[in-house]
Amino acid sequence: MSKFASSRRSLVNALACLALAAPFAEAAAQQTVRVVVPFAAGSSTDQLARQLTEALREVNGNRYLVENKPGASGIIGSSDVHKAVPDGTTLLMTTGGHATNAVLYEKLPYDSLKGFTPISQLTVTAGFLLMVPAGSPYRTLEELVAAAKAGPGTISYGSAGNGNTTHLVGALFEKAAGIKLIHVPYKSTPMNDLIAGHIDLLFWGSGFATPIIQQGKARALALAGDRRVDELPEVPTLGEKGLRGVDVPAWAGLFGPPGMSAETADRIQREVAKAMRSPTFVKAFNTPGTFKLASTPAQFGDSLGKEIVRLRRDIAPLGIRMD
């Protein structure tokens, strides 16, 4: 065999090996990423996680597993991520409860700021809608407050549990209005009982409360937020009615374990921002009163730190503790 033929055969073999290796190299570059949601399947955060991870698959080709780990106001799932390896394969998608837990719990198994790497605040809602049953005798906020002042401890409000944001905003409303209500905590959503008239009022995130209002199943008297919901322009904010300081964060955000490199956090944030602009995500994400952010790690970390400081100022005096 000539040297030319031998060299040609070696080249062909090398190219064949490269062709066979390419799929394996591509597979090796892909990762399986676990996204822990510290709430039950079917929750609003769970839905967002599944919408986002589906869009992320198209952006980077990774395989995403959404893992629900509910319990203890989100602490169980958050603790899992806090102890994970910070290589980008384990992420936490949680809510503003991450900030309120820092105030309500004296002995958390992690530091809400230092115990995680902020990656991106994904969404923020207009606020919590003050809802009453469709058949409620209270047609306005003024009527509700007047009735509560006339009969202290006779009007009830539901929440998704002690220390939940829906509890805190109700307690802040009591303080701002100078009234006393009966708090009825639920282990899950109290929405069905509100619609049925078993409780008198409820504060619920505008994104998921707005369709219920639009369907006529309940009425909204006011919004605990900075600006009115576009879909419910007739519903005033509590601030417009002279009630200030009734504002609890309602957002969703993405964290990594502590010690994640800035390069990894920045890369994930860029992929998330791209995914949230994709047709797949835009089509799936249709939540009234909810705004997409996709903030940078630095922006998210800064806003979270300021939020915890404000919550300590506003919520600590209420005397609500979860330890």
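The shown structure was predicted, so the numbers you read here are calculated from the model rather than taken from an experiment. (Residues numbered from 1 in each chain as written. Predicted model: local features only at pLDDT ≥ 70, side-chain atom pairs only at ≥ 80, totals over all residues. Heavy atoms only, no water.)

Caption draft 1: Examining the overall build of the protein chain more closely. Across its full length, the protein chain holds eleven helices and eleven strands. On the principal axes, the C-alpha backbone points of the protein chain span a range of 105 × 40 × 30 Å. Look at the contacts in the protein chain between residues 6 or more apart in sequence, and 79% of them connect residues 24 or more apart. For the protein chain, the exposed surface amounts to about 15300 Å²; the carbon and sulfur share of it is 55%. (Helix = DSSP H or I, 4+ residues; strand = E, 2+ residues; numbered from the N terminus. Contact = heavy atoms within 4.5 Å. Areas by Shrake-Rupley, 256 points an atom, 1.4 Å probe, with all protein chains shown as cover.)

Caption draft 2: Just the layout of surface pockets, in detail. Roughly 380 Å³ of internal volume is contained in the second largest pocket. What lines the second largest pocket is a set of 20 residues, and nearest its centre among them are V124, T125, D226, D247 and P249. With five residues, helix α11 (residues 297-315) is the single largest residue contributor to the lining of the second largest pocket. Class assignment of the residues belonging to the lining of the second largest pocket gives a composition of ten nonpolar, five polar and five charged. (1 Å grid on protein atoms, 1.4 Å probe; cavity = no way out; pocket = protein on both sides within 12 Å on 5 of 7 lines; lining within 4 Å. Points joined across faces, edges and corners; volume = space filled by probe spheres on them. Nonpolar A, V, L, I, M, F, W, Y, C, P; charged D, E, K, R; others polar.)

Caption draft 3: Quick look at unusual backbone geometry. Backbone geometry at A72 places phi at a positive 55°, although glycine is not the residue there. Position of A72 relative to the elements: it lies in the loop between β2 (63-68) and α3 (75-82). You can call A72 partly exposed: its relative accessible area is 43%. Phi is positive for S73, which is not a glycine, with a value near 60°. For S73, the position within the fold is in the loop between β2 and α3. The exposure class assigned to S73 is partly exposed, which follows from its relative accessible area of 33%. (Buried < 20%, exposed > 50% of the residue type's maximum accessible area, 1.4 Å probe, protein only.)

Caption draft 4: Region of interest: the sheet that holds strand β8 (residues 201-205). Spatially, five strands are ordered β7-β6-β8-β5-β9 in an open sheet, and the strand pairing comes out mixed. Among the strands making up the open sheet, the edge pair consists of β7 (182-185) and β9 (218-224). Shown here is a sheet whose adjacent strand axes are inclined to one another by a mean of 30°, direction ignored. Taken together, the four bridges between strand β5 (residues 128-133) and β8 define a ladder with antiparallel strand orientation. Paired with L129 across the bridge in β8 is W204. Along the sheet face, helix α6 (residues 165-177) touches β5, β6 (156-159), β7, β8 and β9 and points at about 150° away from the line of β6. Here helix α8 (residues 206-214) sits on the sheet and contacts β5, β8 and β9; the angle it forms with β5, its principal contact strand, is near 35°. (Pairing = 2+ DSSP bridges. Axes fitted to C-alpha atoms, helices over the stretch in contact; angles between N-to-C directions.)

Caption draft 5: Geometry of the environment of A84. Along the polypeptide, A84 turns up in the loop between α3 and β3 (90-95). Residues A84 and P257, 173 residues apart in the sequence, show an inter-C-alpha distance of 5.9 Å. For A84, the contacting residues outside a window of four places in its chain are T90 and P257.

Caption draft 6: Representation of helix α5 (residues 141-150). Every buried residue of α5 is accounted for by L141, L144, V145 and A148. Buried residues in α5, looked at end-on, bunch into an arc of 95°, giving them a common side. On its buried face, α5 sits against β5, α6, β8 and β9. (Arc of directions from axis to C-beta.)

Caption draft 7: Fine view of helix α9 (residues 262-277). Between its first and last C-alpha atoms α9 spans 23 Å; for 16 residues at 1.5 Å apiece the expected length is 22 Å, and the two agree. Among the residues of α9, T264, A265, I268, Q269, E271, V272, A273, A275 and M276 are the ones counted as buried. (Expected span 1.5 Å × (residues − 1).)

Caption draft 8: Seen up close, the confidence of the model for the protein chain. Predicted confidence across the protein chain gives a mean pLDDT of 90, with 91% of residues reaching 70 or more. Scored below 50 in pLDDT, residues 21-28 shows zero contacts in the model against residues more than four places distant or in partner chains. (pLDDT = per-residue confidence, 0-100.)

Caption draft 9: How the structure looks around the packing of helix α4 (residues 97-104) against α11. Packing of α4 against α11 brings their axes to within 9 Å, and their N-to-C directions diverge by 50°. Judged by the angle between their axes, α4 and α11 are oblique. Relative to α11, the crossing made by α4 is right-handed. Along its contact with α4, which presents H98, A99, T100, A102, V103 and L104, the element α11 presents L304, E307, I308, L311, R312 and I315. Of the residues belonging to the contact of α4 with α11, the class tally is eight nonpolar, two polar and two charged. (Parallel < 35°, antiparallel > 145°, perpendicular 65-115°, else oblique. Left-handed = near helix turned anticlockwise from the far one by under 90°.)

Caption draft 10: Spotlight on the nonpolar core. Residues L130, F173, L201, F203 and L238 are the most contacted members of the largest nonpolar core, which totals 48 residues. Considering every element that reaches this core, the biggest residue donor is α6, with six residues. Not counting chain neighbours up to four residues away, the residues in contact with F173 comprise L130, L141, L144, V145, I179, L181, F203, L238, L243 and V246. One finds V35, L91, M260 and F281 within the second-largest nonpolar core, a separate group that totals 26 residues. (Core = buried A, V, L, I, M, F, W, Y, C linked by side-chain atoms within 4.5 Å.)

Caption draft 11: Expanded view of the packing of helix α2 (residues 44-60) against α9. At a closest axis distance of 8 Å, the pairing of α2 and α9 adopts a crossing angle of 110°. In terms of orientation, α2 and α9 fall into the roughly perpendicular class. Facing α2, whose interface residues are L52, A55, L56, V59 and N60, α9 presents E271, V272, K274, A275 and M276. A per-class count over the contact of α2 with α9 returns seven nonpolar, one polar and two charged.

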